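Here is how the chains run, residue by residue.
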Protein chains: 2
Amino acid sequence: MAQAAAQESRAVQATIGDSEFDRDTAVTLREEGVYDAELSAGWTIIHAVNGGYLLALLGRALGEALPHSDPFSVSAHYLTASVPGPAVIRTQVVRTGRTLSTGEASLFQFAEDGTEIERIRVLATYGDLDGLSDDIRTSAEPPAFPPLEQCLGTSDGASVIPGSSAITERLDIKLDPATVGWAVGAPSGKGEMRGWFGLADGRDADPLSLLLTVDALPPTSFELGLKGWTPTVELTAHIRCRPAPGPLRVSITTRNLAGGFLEEDADVWDSAGRLVAQSRQLARAPRG
Amino acid sequence: MAQAAAQESRAVQATIGDSEFDRDTAVTLREEGVYDAELSAGWTIIHAVNGGYLLALLGRALGEALPHSDPFSVSAHYLTASVPGPAVIRTQVVRTGRTLSTGEASLFQFAEDGTEIERIRVLATYGDLDGLSDDIRTSAEPPAFPPLEQCLGTSDGASVIPGSSAITERLDIKLDPATVGWAVGAPSGKGEMRGWFGLADGRDADPLSLLLTVDALPPTSFELGLKGWTPTVELTAHIRCRPAPGPLRVSITTRNLAGGFLEEDADVWDSAGRLVAQSRQLARAPRG
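For chain A, an unreviewed UniProt entry supplies the name Thioesterase family protein and the organism Streptomyces pratensis.

Asks: Help me get a handle on the packing of aromatic side chains, residues and values and all.
Replies: Going through the model one piece at a time under the given rule, you end up with 10 aromatic pairs over all chains. A ring pair is formed by Phe 21 of chain A and Trp 43 of chain A, whose centres lie 6.2 Å apart and whose planes are at 80°; its orientation type is edge-to-face. Taken together, the residues Phe 21 of chain A in helix H2 (residues 20–24) and Trp 43 of chain A in the loop between strand E2 (34–39) and strand E3 (44–45) connect sequence positions 22 residues apart. Centroid distance Phe 72 of chain A to Phe 261 of chain B: 5.5 Å. Interplanar angle 85°. Geometry classified as edge-to-face. In this pair, Phe 72 of chain A is assigned in strand E5 (residues 70–78) and Phe 261 of chain B in strand E15 (residues 261–269), connecting two distinct chains. Across the pair, Phe 261 of chain B and Phe 72 of chain A agree in class, each one buried.

Asks: Tell me about the UniProt feature "domain: Acyl-CoA thioesterase-like N-terminal HotDog" (unreviewed entry) in chain A, and please be specific about residues and values.
Replies: The feature "domain: Acyl-CoA thioesterase-like N-terminal HotDog" (unreviewed entry), as given by UniProt, occupies residues 40–126 of chain A in the numbering adopted here. Here residues 40–126 of chain A is 17% helix and 53% strand, with 25 Å between the C-alpha atoms at its ends.

Asks: Please give an account of the layout of surface pockets that cites residues and values.
Replies: Residue and element names in this part refer to chain B. Of the pockets and cavities examined, the second largest pocket occupies roughly 970 Å³. Lining of the second largest pocket is provided by 42 residues; of these, Ala 48, Val 49, Thr 230, Pro 231 and Thr 232 occupy positions nearest its centre. Breaking the lining of the second largest pocket down by element, the ones donating at least two residues are strand E4 (48–49), helix H3 (51–65), strand E8 (116–127), helix H4 (167–170), strand E10 (171–175), strand E12 (232–239) and strand E16 (275–284). At 3 residues, the largest contribution of residues to the lining of the second largest pocket is made by E10. The residue inventory of the lining of the second largest pocket, partitioned by class, reads 22 nonpolar, 14 polar and 6 charged.

Asks: I'd like a description of the interface of chain B and chain A, backed by residues and values.
Replies: Taken together, the 54 residues of chain B in the interface contact 54 residues of chain A. When the buried area of chain B at its contact with chain A is split by residue, Arg 240, Arg 255 and Arg 280 of chain B rank highest and sum to 15% of it. Between Arg 240 of chain A and Glu 263 of chain B there is a salt bridge, with its nearest N and O atoms 3.4 Å apart. At the surface where chain B touches chain A, the tally comes to 43 residue pairs in polar contact (both at pLDDT 80 or more). The dominant element in the side of chain B that touches chain A, judged by the number of residues it contributes, is E16 of chain B, at 7 residues. When grouped by side-chain class, the residues that make up the side of chain B that touches chain A number 19 nonpolar, 20 polar and 15 charged. Across 3 bridges, strand E9 (residues 136–138) of chain A lies against strand E14 (residues 256–258) of chain B in antiparallel orientation. Looking at the pairing, Ile 136 of chain A lines up with Ala 258 of chain B of E14 of chain B.

Asks: I'd like a rundown of the pattern of salt bridges, residues and numbers included.
Replies: In this structure the tally under the stated criterion is 38 salt bridges over all chains. Taking the shortest distance from any N to any O, the salt bridge between Glu 104 of chain A and Arg 121 of chain A comes out at 3.5 Å. Taken together, the positions of Glu 104 of chain A in strand E7 (residues 101–110) and Arg 121 of chain A in strand E8 (residues 116–127) put the pair 17 residues apart, joining distant regions of the chain. Residues joined by salt bridges that share partners form a network here, namely Glu 104, Glu 118 and Arg 121 of chain A together with Glu 104, Glu 118 and Arg 121 of chain B.

Asks: Can you break down the nonpolar core residue by residue, with the values?
Replies: Within the largest apolar cluster, 64 residues are counted, with the highest numbers of intra-cluster contacts made by Ile 89, Val 122, Leu 171 and Phe 197 of chain A. Looking at this core, the element that brings in the most residues is helix H3 (residues 51–65) of chain A, giving 8 residues. Counting 63 residues, the second largest nonpolar core, distinct from the first, contains Phe 21, Tyr 53, Tyr 126 and Val 250 of chain B.

Asks: Quick one: what's the story with the relation of the copies chain B and chain A, residue by residue and with numbers?
Replies: Of the two same-sequence chains, chain B is brought onto chain A (RMSD 0.0 Å, axial shift 0.0 Å) by a rotation of 180°. Given the turn and translation reported, the copies of this chain are related as if by a two-fold rotation axis. If distances are taken from each C-alpha of chain B to the rotation axis, the shortest is found for Ser 75 of chain B, at 3.2 Å. By residue overlap, the copies meet face to face through one surface: 100% of the interface positions of chain B are interface positions in chain A.

Asks: An account of the pairing of strand E15 (residues 261–269) of chain A is requested, with residue identities and associated values reported.
Replies: Residues and elements named next belong to chain A. Of all 9 residues in E15, 9 are buried, a share of seventy percent or more. Of the two faces of E15, the one carrying Phe 261, Glu 263, Asp 265, Asp 267 and Trp 269 and the one carrying Leu 262, Glu 264, Ala 266 and Val 268 are both buried. Inspection of the sheet shows strand E13 (residues 248–253) paired to E15 by 5 bridges, in the antiparallel sense. For Val 250, the partnering residue across the bridge sits in E15 and is Val 268. As paired strands, strand E14 (residues 256–258) and E15 are joined by 2 bridges and run antiparallel to one another. Residue pairing in the sheet places Ala 258 in a bridge with Phe 261 of E15. The antiparallel pairing of E14 with E15 creates a hairpin that spans 2 residues between the two strands, and Gly 259 there sits at a positive phi of about 65°. By the bridge criterion, 9 bridges tie E15 to strand E16 (residues 275–284) in an arrangement that is antiparallel. Across the sheet, Glu 263 pairs through a bridge with Leu 282, a residue of E16. Hairpin geometry of E15 and E16 is characterised by an intervening segment of 5 residues between the two adjacent antiparallel strands and by a positive phi of about 85° at Gly 273.

Asks: Describe the domain arrangement of chain A, listing the residues and the values that go with them.
Replies: Residue and element names in this part refer to chain A. According to the domain assignment, chain A consists of domain 1 (7–130) and domain 2 (148–284). Just the C-alpha atoms count here: the centres of domain 1 and domain 2 sit 20 Å apart. The interface is formed by 37 residues belonging to domain 1 together with 37 residues belonging to domain 2. Of the roughly 3,100 Å² buried between domain 1 and domain 2, counting both surfaces, carbon and sulfur atoms make up 58%. Residue Glu 20 pairs with Arg 170 through a salt bridge whose shortest N-O separation is 3.9 Å. Our count for the domain 1 to domain 2 interface comes out at 17 residue pairs in polar contact (both at pLDDT 80 or more). Broken down by element, the side of domain 1 that touches domain 2 gets its largest block of residues, 9 residues, from E5. Here the side of domain 1 that touches domain 2 is built from residues that sort into 17 nonpolar, 13 polar and 7 charged.

Conventions we followed
Residues numbered from 1 in each chain as written. Chains lettered and ligands numbered in written order. Predicted model: local features only at pLDDT ≥ 70, side-chain atom pairs only at ≥ 80, totals over all residues. Heavy atoms only, no water. Phe/Tyr/Trp six-rings, centres within 6.5 Å; stacked < 30°, edge-to-face > 60°. Helix = DSSP H or I, 4+ residues; strand = E, 2+ residues; numbered from the N terminus. Buried < 20%, exposed > 50% of the residue type's maximum accessible area, 1.4 Å probe, protein only. UniProt positions renumbered as here; feature names shortened; annotations may be inferred. 1 Å grid on protein atoms, 1.4 Å probe; cavity = no way out; pocket = protein on both sides within 12 Å on 5 of 7 lines; lining within 4 Å. Points joined across faces, edges and corners; volume = space filled by probe spheres on them. Nonpolar A, V, L, I, M, F, W, Y, C, P; charged D, E, K, R; others polar. Contact = heavy atoms within 4.5 Å. Buried area = accessible area lost by both parts, 1.4 Å probe. Salt bridge = Lys/Arg side-chain N within 4 Å of Asp/Glu carboxyl O. Polar contact = N/O pair within 3.5 Å; in protein donor to acceptor, adjacent residues only side chain to side chain. Pairing = 2+ DSSP bridges. Core = buried A, V, L, I, M, F, W, Y, C linked by side-chain atoms within 4.5 Å. Least-squares fit on C-alpha atoms with pLDDT ≥ 70 in both. Domains from an automatic or database assignment.

What follows is the structure in structure tokens.
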């Protein structure tokens, strides 16, 4: 309860540009196209740095390097596991156009001898979300799940991931009770995970934070009865609209767990009922 | 009828490695990591070279450059429109691992003064499809659509794309009658396109040709009542299984046409009922 109250009081303070997320995804220009960054230990699950947080960090660097500032489509291939600490992001402008620009970025960390080790490589196309037409013909329906107050968060014991996961303190995730069976040893057997998503300090969503949102819920494999990690091989996120203020709804589905791999499709809906982001990742399935 | 008979006779001849598709996606090593290629006019829609054909060409080069030969996840950002003629593919090995390797490839063509113009850039992770586990828990259902003989192909007037489209002679696509309303001025209004897919010369599918298959059907926007092009911005394909011989079923859906862009999700099923490929692309929506 004390923690909930603390989060409540923080919720009125943080704004886009002045928040935990913004501070922890900050990049510092070292030279043209090269940015220094510090991977915060605040976005780890056990010891692994969350893949969505890393995507947002790379997305921030590309937004600075490219003439357009909003990620439209970001494709990331995950190479080696990142750890908290210093990193460098090397960007390249691939093409600049009137409405879209494409860039590439790699995040490196350092071996003991100082050698750079590549963690993730990203190709991304950026544009101007505010310049898009108002023509909306979305046939997808927002997922049907209970109101926020009936969903379950960390304080309800729902997000009990074994071990210490700092990221749970940064996020305000409330899962649909229908997709938390895994937490009490009764997974649904369906490849579904749904929840309300917010940042714990109350910062509203923007296109960059959506890159975090698409990879922030527990993996669908938990509800398929599989424990252990689902390391991402590839993740592509399409940001389709600037999100309205307020909590987001995230729905993740897996339809093909086969051959030791699974896909996770995420849809993110804003408080205005717009489908603001769509992502798909290919991940390794847990063994057990 | 004469053409159908000719296709029938060709159908027994072509094999994986000796077919139109294989000849037209051949790459020639120029120097380490650099491959010369010739974009065939045989895979054009009006004057545009099909994006799936280009993806297969890049996929072929990466399969030669990387220690693993099967594409698992290929992410392509389309930069400028390709034209038939010479091209060069420059590859880079990003990471090699025991079960997965990641590479990058760019396809360039040439300005009149010989300057290279980048057409597409790809990040891809390769592996060994034959080395995957037999654990299959696919919850997705193959699309329900009519048997091949009830579906409609070029000779039935269904694929009447205005202008000359050489690619229609290379492909044996039979569309579900429920998704060909666009061809007779009565689009369904649904973002769906479904069809049986084969290569006209009878070559069976392999992981490389699946990269073509995911982008070979008419765009869903036709059934949404929009004529004109839907140029691809980004396309990621996941190859999940080596396809069995025989015709493939392809189902494409669009759930979010908004702001001048749309996504197309393709599922490809083989004759054994396996979900062999999944792809998603972000494309510009036609204006009208």
